[in-house]
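Fold and geometry: a report
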Amino acid sequence: TEVVMHARKLQMDFDAAQSKPVSATTRVLAATVAVPEKVMPFLVEATGLKKHPCLGVIRLDCNYPSAEGDLDSPASFGYDVTYRVIPGMTLEMAQKGKFTEEVERRFAEGIKFLQQKGVNAITGDCGFMMAFQALARKIATRPVFMSSMVQCPIIAAAFDPKEQILILTANGNALKPQKDVLLHSCGLDLDESRFIVQGCQDIPGFDAVAKGQAVPIDVVQPGIVKMTMDLLGKYPRIGGILLECTQLPPYADALRAATGLAVWDAITAADFYISGYEDNPRFGVNDWQKEWEQAPAAPNAKGKAKAKSKADAQKVKQLAKKQAPVLGVIRLDYNYPPAAGDVDCPGSYDYEVVYRCVPGLTFEIARTGMMTYQVQQQFTAAVKWLEMRGASGITGDCGFMMAFQPLARDVASVPVFMSPMLQCPMVSVAFDYYDRIMVLTADGKNLKDQKEVFLAHCGFDVDDARFLIVGCQDVPGYNAAAKGEKVNVEKVTPFICELVRGHLDKCPDIRSILLECTELPPYADSLRMATGLPVWDAITCADFFISARKDNPRFGLNQWQNDWDGVVKEYTLGQNLTPDERSQAKHIK
């Protein structure tokens, strides 16, 4: 009887879908998955296409009361988490980087279990699990990042080589023996002078977890902040901080507030990989993915005007509130109406963005990677101007600006990511060597012309068989921006999806998609829905860097940063230039 009733309900839903008017979003969805428009709402509801992404976590065989912010606390995330303990996998085993045969089998079973549960990415609750990254990648078809150290290449690439990165770990002496693992797995050379490794083993109270006890955050936090400030005095060239240990994220906000530097941790890594699957609420197709419905209630939510502890309250009194993070964007000397999702559209972000056009920096110059002396002067002036305006990170509105990454890094003191291609090492490290990554670009030939630039600055080898480069130059309507016209995203979307699906049919070993062109993010959601693969783009890249300067609303220090007012400030090309600078531009009236 229940089956019959369910079948009747499905038929009624189908009939209702047939009779309802079709929205613009539904038309795009229908074209994306190649089904009749009237059937699309019924199909989405009946097949569960809208599942919200979920993180899978491999746990050590060790139990302790985890703090909010710790990887083992579900309250640390803005999405569902599924855990799997590996019996017999102890901390000592992870530190040595070697399994017994029985534990290795259980580890493999754990990875398979998480995939069967439908997780979208897999990590571990101990940074020393990086030693097992290669094994996990061979088993999984979803992104695997067994340690927050996978962020090292992208962080290092965003800073000038003369600047240093501080790596905080539970025990510095225990991390260094994993030198070879880190070098081969994520390109981190611990012997390189730009990496400062500091253990927290001498901080009073930090060893509570090792004893199976709750960490006294009020006691530990001041010690970690003081130790870090002392290190900044000793090493004034430190430009960013990476928290290696999965128990350190609870202190990230306090470090951001005290140092003014970008701080990355296990949570920023998890958020990055999940973002490849997550619906972007600001642009792209809607109604294809469920909203997260199981947010754990925290007793002292970050939105409340209450610090989580006396230590927090005392710290807030000593600190003036910091400015909410701002993204700075270098713009080409070219004007067109950007679509929502385009880097040049202020509404593409959930934080403030400031633009600065570089007079004379045309697309042709960016493509060749060579600036005249006059344009170079304008470029460096623009970078300095953006930083003076409070930019927490600086990017460009054309992927070919990767050629100017060294110049921008040399001028700026904040992270610089002139192209979405900077994400390449962090994406590729998460998949097996024989898995492939599709790189979608405006024109495949133009991308290949910058082969040496990408290899030198983001570890991307155009000739590497792992990367399949696909150009959109023949997609109907996509070249509108090149003509100075507005792109009809609704019209172009089905053709973009058809192009990608065609290559997936030929290359079933493709595991992810990277959108190189800064005009491609409007199609990211459609590609996520149509392919089920993770899609990273210029916006996920900007979000990753801004997150390191942004108050985490789920845990950590409260009331240290002003909230963004949510006002999207419109920008007109050249509005931040002087009359003399405007006169040097080619596309400003």
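Residues numbered from 1 in each chain as written. Predicted model: local features only at pLDDT ≥ 70, side-chain atom pairs only at ≥ 80, totals over all residues. Heavy atoms only, no water.

1. A few points about the overall build of the protein
Within the protein, the regular secondary structure consists of 23 helices and 16 strands. When burial is assessed residue by residue, the protein has 54% of its 589 residues classed as buried. Excluding contacts between residues fewer than 6 apart, the proportion of contacts in the protein whose partners are at least 24 apart in sequence is 75%. Counting only carbon and sulfur atoms, one obtains 51% of the accessible surface of the protein, whose full area is about 24600 Å². (Helix = DSSP H or I, 4+ residues; strand = E, 2+ residues; numbered from the N terminus. Buried < 20%, exposed > 50% of the residue type's maximum accessible area, 1.4 Å probe, protein only. Contact = heavy atoms within 4.5 Å. Areas by Shrake-Rupley, 256 points an atom, 1.4 Å probe, with all protein chains shown as cover.)

2. Some points on helix α20 (residues 489–506)
Look at α20: 26 Å from first C-alpha to last across 18 residues, which is about the 26 Å you get at 1.5 Å a residue. Listing the buried residues of α20 in full gives V492, T493, P494, I496, C497, V500 and L504. (Expected span 1.5 Å × (residues − 1).)

3. Digging into the layout of surface pockets
The space that makes up the largest pocket amounts to roughly 1400 Å³. Forming the boundary of the largest pocket are 49 residues, of which D271, D350, K550, P553 and R554 lie nearest the centre. Among the elements of the structure, α12 (266–275) and α22 (538–547) are those that each provide at least two residues to the lining of the largest pocket. Per-element tally for the lining of the largest pocket: the top contributor is α22, with 6 residues. (1 Å grid on protein atoms, 1.4 Å probe; cavity = no way out; pocket = protein on both sides within 12 Å on 5 of 7 lines; lining within 4 Å. Points joined across faces, edges and corners; volume = space filled by probe spheres on them.)

4. Some points on the environment of P161
Along the polypeptide, P161 turns up in the loop between α7 (152–157) and β5 (164–169). Sequence separation between P161 and S193 is 32 residues; the distance between their C-alpha atoms is 9.9 Å. Every residue in contact with P161, bar those within four places of it in the chain, is listed here: R194 and R409.

5. Quick notes on the sheet that holds strand β7 (residues 238–243)
Strand order in the open sheet formed by 4 strands is β6-β5-β7-β8, with parallel pairing between adjacent strands. The open sheet has two free edges, formed respectively by β6 (195–199) and β8 (262–264), since each of these has just one partner strand. Going across the sheet, the axis of each strand differs from the next one's by a mean of 25°, ignoring polarity. Bridge count for β5 against β6 is 5 bridges, and the pairing is parallel. Note that in β6 the partner of I167 across the bridge is V197. (Pairing = 2+ DSSP bridges. Axes fitted to C-alpha atoms, helices over the stretch in contact; angles between N-to-C directions.)

6. Let's talk about empty space enclosed by the protein
This model, assessed by the stated rule, comprises 5 cavities of 30 Å³ or more. Each pocket or cavity is described by its volume, and for the largest cavity that value is around 80 Å³. Looking at the largest cavity, the residues that line it are Y336, P337, P338, A339, D342, Y478, A481, V487, V489, E519, P522 and Y523. Residues that form the lining of the largest cavity fall into these classes: 10 nonpolar, no polar and 2 charged. Its boundaries defined by the atoms lining it, the second largest cavity holds a volume of some 50 Å³. Along its surface, the second largest cavity is lined by Y64, P65, S66, A67, D70, V209, V215, I217, Q247, P250 and Y251. (Nonpolar A, V, L, I, M, F, W, Y, C, P; charged D, E, K, R; others polar.)

7. Structural notes on helix α5 (residues 101–116)
Here α5 contains 16 residues, and its C-alpha end-to-end distance of 23 Å stays within 8% of the 22 Å for a straight helix at 1.5 Å per residue. Those residues of α5 that sit buried are V103, F107, A108, G110, I111 and L114. For α5, the arc enclosing every buried residue in end-on projection is 150°, short of the 170-degree limit, so these residues lie on one face. α5 presents E101 and Q116 as exposed residues on the side facing more than 90 degrees away from its buried surface. Tucked inside the fold, the buried residues of α5 contact β1 (54–59), β2 (80–85), α4 (91–96), β3 (121–124) and α6 (133–139). Note on α5: the residue one or two positions beyond its end, G118, has a positive phi of about 85°. (Arc of directions from axis to C-beta.)

8. Observations concerning the side chain of R256
Positionally, R256 belongs in helix α11 (residues 252–259). Residue classification places R256 among the buried positions, given a relative accessible area of 3%. Here D253 takes part through its side chain, which lies 2.9 Å from a polar atom of the side chain of R256. Here the side chain of R256 touches A548 through a polar contact of 2.8 Å, landing on its backbone oxygen. Sequence-distant contacts of R256, defined by excluding residues within four places in its chain, comprise L261, V263, D265, T268, S547, A548, R549, K550, N552 and W560. (Polar contact = N/O pair within 3.5 Å; in protein donor to acceptor, adjacent residues only side chain to side chain.)

9. Considering the pattern of salt bridges
One pass over the full model with this rule turns up 20 salt bridges. Close ionic contact of R106 with E102 constitutes a salt bridge, the shortest N to O distance being 2.4 Å. One end of the pair is R106 and the other is E102, both in helix α5 and 4 residues apart, which spans about a single turn. Between K162 and D410 there is a salt bridge, with its nearest N and O atoms 3.4 Å apart. One end of the pair, K162, is in the loop between α7 and β5; the other, D410, is in helix α16 (residues 405–411), and 248 residues separate them in sequence. Its relative accessible area of 49% is what places D410 among the partly exposed residues. The structure contains a network of salt bridges with shared partners spanning R282, D350, D543 and K550. (Salt bridge = Lys/Arg side-chain N within 4 Å of Asp/Glu carboxyl O.)

10. Points about unusual backbone geometry
In terms of backbone geometry, most residues other than glycine have negative phi values and most peptide bonds are trans. With a phi angle near 60°, D287 is a residue other than glycine that sits in the positive phi range. Not every positive phi belongs to a glycine, and Q559 is a case in point at roughly 60°. Owing to a relative accessible area of 28%, Q559 belongs among the partly exposed residues under this scheme.

11. A word on the pairing of strand β11 (residues 391–396)
Along any regular strand the residues' side chains alternate between the sheet's two faces. The buried fraction of β11 is high, at 6 of 6 residues. Bridge count between β11 and strand β12 (residues 416–417): 2 bridges; the pairing is parallel. Looking at the pairing, I394 lines up with V416 of β12. Once you follow β11 into α16 and on to β12, the crossover reads as right-handed. (Right-handed = clockwise from strand over helix to strand, strands pointing away.)

12. With respect to the side chain of Q133
Within the element layout of this structure, Q133 appears in helix α6. Here V144 takes part through its backbone oxygen, which lies 2.7 Å from a polar atom of the side chain of Q133. Among residues more than four places away in sequence, those in contact with Q133 are V144, F145, M146, V429 and A430.

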